[in-house]
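# Per-entry structural report
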Amino acid sequence: MGLDKQPSGLFDTINMESVRTIWTHRYPYPHEHSRHAIIAVVVGCLFFISSDNMHTLIQKLDNNIKWWYMYGCLLGFFYFFSTPFVGKTIKPSYSNFSRWYTAWIFVAALYHLPSFQSMGVDLRMNLSLFLTIFVSSILFLLVFHIIFLGLWYIGLVARVAGKRPEILTILQNCAVLSIACCVFYSHCGNRAILRQRPYERRNSSWFSFWKKEERNTWLAKLTRINQLKDQVCSSWFAPVGSASDYPLLSKWVIYGELACSGCAGSSDEISPIYSLWATFIGLYIANYVVERSTGWALTHPLSVEAYKKLKKKQMKPDFLDMVPWTSADLFKTVFDLLVSVTVFVGRFDMRMMQAAMSRAHDGAEQGDLLYDHFSEKEEMWFDFMADTGDGGNSSYTVARLLAQRSIHPTTGYGDSVHSLPRGDLLLIGGDLAYPNPSAFTYERRFFRPFEYALQPPPWHKEEHIAINKPELPCGVSELKQYDGPQCFVIPGNHDWFDGLHTFMRYISHKSWLGGWFMPQKKSYFALQLPKRWWVFGLDLALHGDIDVYQFKFFSELVNQKVGEDDSIIIMTHEPNWLLDWYWNDSTGKNVTHLIRDYLKGRCKLRMAGDLHHYMRHSYVQSDKPVYVQHLLVNGCGGAFLHPTHVFSNFDTFYGTSYETKAAYPSFDDSSRIALGNILKFRKKNWQFDFIGGIIYFVLVFSMFPQCKLDHILQDNSFSGHLRSFFGTVWSAFMYMLEHSYVSSAGTMLLLIVAFTFVPSKVSRKKRAIIGILHVSAHLAAALILMLLLELGVDTCIRHKLLATSGYHTLYQWYRAVESEHFPDPTGLRARIEQWTFGLYPACIKYLMSAFDVPEVMAVTRSKICKKGMESLSRGGAIIYYASVFLYFWVFSTPVVSLVFGSYLYICINWLHIHFDEAFSSLRIANYKAFTRFHINREGDLEVFTLAVDKVPKEWKLDSDWDREQLKQPQQLSHLRDQPSKWSAASAQQDPLSTVKIVDHFVIHQTDKPSSVATNGSAVH
């Protein structure tokens, strides 16, 4: 029967549920038709603007130079404000908001300047028309969407239509539609062109350019582009006809102006603006109905399998960007740090709880903390990295290199060396996720890049909690039998921000980091490696030292199991040898006691992260005792880059002299990179706008308005203008000191913050000097910007360009000319006003007032200058300062970033302070590295540091990985030839092609500090 009938043709391969899933927009802002509309409007604008005689327009410009200055200032400030967002399409974000915000206040300021009027372009009509069409379009489309959703609800349209439209999409389409109508009106007007006979209309088309007899002269006609514009207006965008042609619509249309001068009566022709608006609205509705009702299958007849295959080819990893440190997130990080130090570490230490839990299980302490399953190997490869979990691109770059079965790096001179196999063991030195430990940051910033690099086994479940570790795979009875890569981790300071809660949950109670097996149970451990090598992983918490329970475990281990000729590698998160030297401090007393009094020269290597660069120092042979032979810092696991040149003078630790053997990046490169604070600070840290703009506004809040500025432009010389200008700036500064409350309090607060912001390693006198100079630069910049803004407003007021009639100047002017340019003989506007209870004209009225921010600012300013601030109500004062802030924020945000970036550059390169702030602001994802160790059969430790200068930003699905995955989906990832899911979109930028050795040295098992022949040879 009918129920048994099978679908045929196209619908054989299309499952409608899959179609609905496929057609659902993941990012519906902006729609494709909206992008196409934007392109069409831009092309139309360029055409109409180029159709006018530019030579004539330039001749009509005002000869007064001050308007050129004002144009230059406006364009300059708005350009620098918008620079960080050019080319970015983040949905929906501050980037999108800034574009619309910039366009709004820029156009609102621009149309008041006289040069456009002298060109014959009256922007008032365009702006008022834009706002009117914009409001009308929004109301119309909202009604349409409500009706459409109602039809979906009662089942008259397909269920695909049930997805609600994006409000931002509607607003964008309405804005594009309104701009198109305004562009047409500016160059074609609203004239009602009298209809011609059909034969005449056909021959009046601009396609006469292509008539045979004129085919050779079309280039000549293109030179008369103004005539072409007129023909486009009269042919392409001509009115659709008279109201008599459409009796049903005669009372629902707007009419055009009469084309002839002196004609009596009103036009019967429908307005070309109205017809263009109706056309765009109709196209939007038709596109929306087809898209949501008939669905994707009508225009994209692909099978689900074909679509999935196409989608897989287009897949990209969902990596997160580098953490924006100079933003509001910084306050949360500081708060978490204060809570962690005062509560968790000050009163409750998780390390103490771990020790108590170990003692609760009789004999469990050694098994929980000591792992000796590697000790019987003949040789062993293992890796060390630290400070990952920042940007996805950088973290995955390092993880991809760690996951490969072998890599073939080059030296610094481009020579290829032998293959370096993957490590059996991965050591991670803390700071697993930034900026704070949480389920989100651990999963997205730490686990996900490693899972992409080396997938967990097929039976692994993300939500699984390991109760009795190690949870060995099936068929493996003991840990030493497992031949896959393993991972051990110590926590860093960022992991301690929540009292180690997230670390314990994701490290101590999970068994897999991607394809790396994690048998670890506690936050510190000891590993016995082959050939009498040991690794001590210490947990320093936030105090930079081990607790007494750790000290007890490691000291007893040294006394009971570590031989006199054994070699020990100590892994900590913080490199206290560098940080203590830099801060002139002494930390880690328990660690020092362990190394000096218990290990007694057996510590061959100390390695750490925390500083996001690579540096190696080796001891200088002398008669003094050597407690540690080599000091290695490698925090290039994925976090932002730290400078190396700040630590170039380090040379002493534990009374022993050391020399720098390797630094990556080099000291010269590190110093040059710091220049980015001046050039790129705001581009990298546009979130700083929220802080910087408000700070500058508070600094000059009390100086608004400046009512007496006539003297600045009275001098005839440029130098005289400058003297008057900076004299007024000084007067404003003195006024702030003598009479201001808000600005003075803001300045004092900023001075205190600037003083405390200077690192404590600097003496108080120098901190005060640096803080005062820093605040003075910001205050001077804020005062200059304030005076520039006030001078511009005052100039426009004196030339009768602002503050001429009141807050509703634009609306009053539009209502005066509306009936002339847009006749309404049928009373459509009056009916709409009646039906909406006056809401329709009221919305336009107040929208125009809100749009015309300069007029609101100027009218209120004039009132203050005449009657004083006391004449304003509280609401009036709020409106005035809000209007001032809208413009001052645009002016100040690029400048505050420039001043602060310059301050960081001077401090990092000249004073060698603020190394953390100066480089965290740059959010540099490049210069990533890890260290690979090899314990050879002779017992010597070979050390290779592998680095990638440039991190790829674009990735694609690795076809070899995909093919191998399809063939053997159950195979463990570490056994595959291509274990990583993503490869660089450009083969030349793939980390496997660009990895190089930046340092190589050997630590001999038999070396003693007094008889060492060599400290190792550094390749770079």
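If you're wondering where the values come from, they're calculated on a predicted model, not measured in any experiment.

### Looking at the packing of helix α30 (residues 809-821) against helix α32 (residues 839-851)
- Between α30 and α32, whose axes approach to 7 Å, the crossing angle comes to 130°. With respect to each other, α30 and α32 are oriented oblique. Facing L810, Y811, Y814 and R815 of α30, the residues of α32 in contact are P841, I844, K845 and M848.
- Here the residues of the contact of α30 with α32 are counted per class, giving six nonpolar, no polar and two charged.

### Here's the deal with the confidence of the model for the protein chain
- Residue-level pLDDT values for the protein chain average 80, and 74% of them are 70 or greater.
- Confidence scores differ between elements of the protein chain, with helix α1 (residues 16-23) showing the lowest mean pLDDT of 38 and strand β7 (residues 425-428) the highest of 98.
- Contacts from residues 53-63, a stretch scored under 50 in pLDDT, to residues over four places away or in other chains number 14 contacts.
- Confidence over residues 296-302 falls short of pLDDT 50; this stretch has 10 contacts with residues more than four positions distant or in other chains.

### Side note on empty space enclosed by the protein
- As enumerated under the stated definition, the model contains two cavities of 30 Å³ or more in all.
- The computed volume of the second largest cavity comes to approximately 40 Å³.
- As for the second largest cavity, its lining consists of L540, G544, T572, E574, N576, T587, G588, V591 and R606.
- Class assignment of the residues belonging to the lining of the second largest cavity gives a composition of two nonpolar, five polar and two charged.

### Looking at the nonpolar core
- Judged by nonpolar contacts, the single largest core of 197 residues is most densely connected at F382, L427, L529, F536, Y696 and F704.
- No other element matches the 17 residues that helix α34 (residues 874-911) contributes to this core.
- When near neighbours in sequence (up to four residues on either side) are disregarded, L427 contacts F382, D383, F384, M385, F488, F525, L527, V535, M571 and M607.
- One finds V398, A541, W955 and V995 within the second-largest nonpolar core, a separate group that totals 47 residues.

Thresholds, definitions, all that
- Residues numbered from 1 in each chain as written.
- Predicted model: local features only at pLDDT ≥ 70, side-chain atom pairs only at ≥ 80, totals over all residues.
- Heavy atoms only, no water.
- Axes fitted to C-alpha atoms, helices over the stretch in contact; angles between N-to-C directions.
- Helix = DSSP H or I, 4+ residues; strand = E, 2+ residues; numbered from the N terminus.
- Parallel < 35°, antiparallel > 145°, perpendicular 65-115°, else oblique.
- Contact = heavy atoms within 4.5 Å.
- Nonpolar A, V, L, I, M, F, W, Y, C, P; charged D, E, K, R; others polar.
- pLDDT = per-residue confidence, 0-100.
- 1 Å grid on protein atoms, 1.4 Å probe; cavity = no way out; pocket = protein on both sides within 12 Å on 5 of 7 lines; lining within 4 Å.
- Points joined across faces, edges and corners; volume = space filled by probe spheres on them.
- Core = buried A, V, L, I, M, F, W, Y, C linked by side-chain atoms within 4.5 Å.
- Buried < 20%, exposed > 50% of the residue type's maximum accessible area, 1.4 Å probe, protein only.

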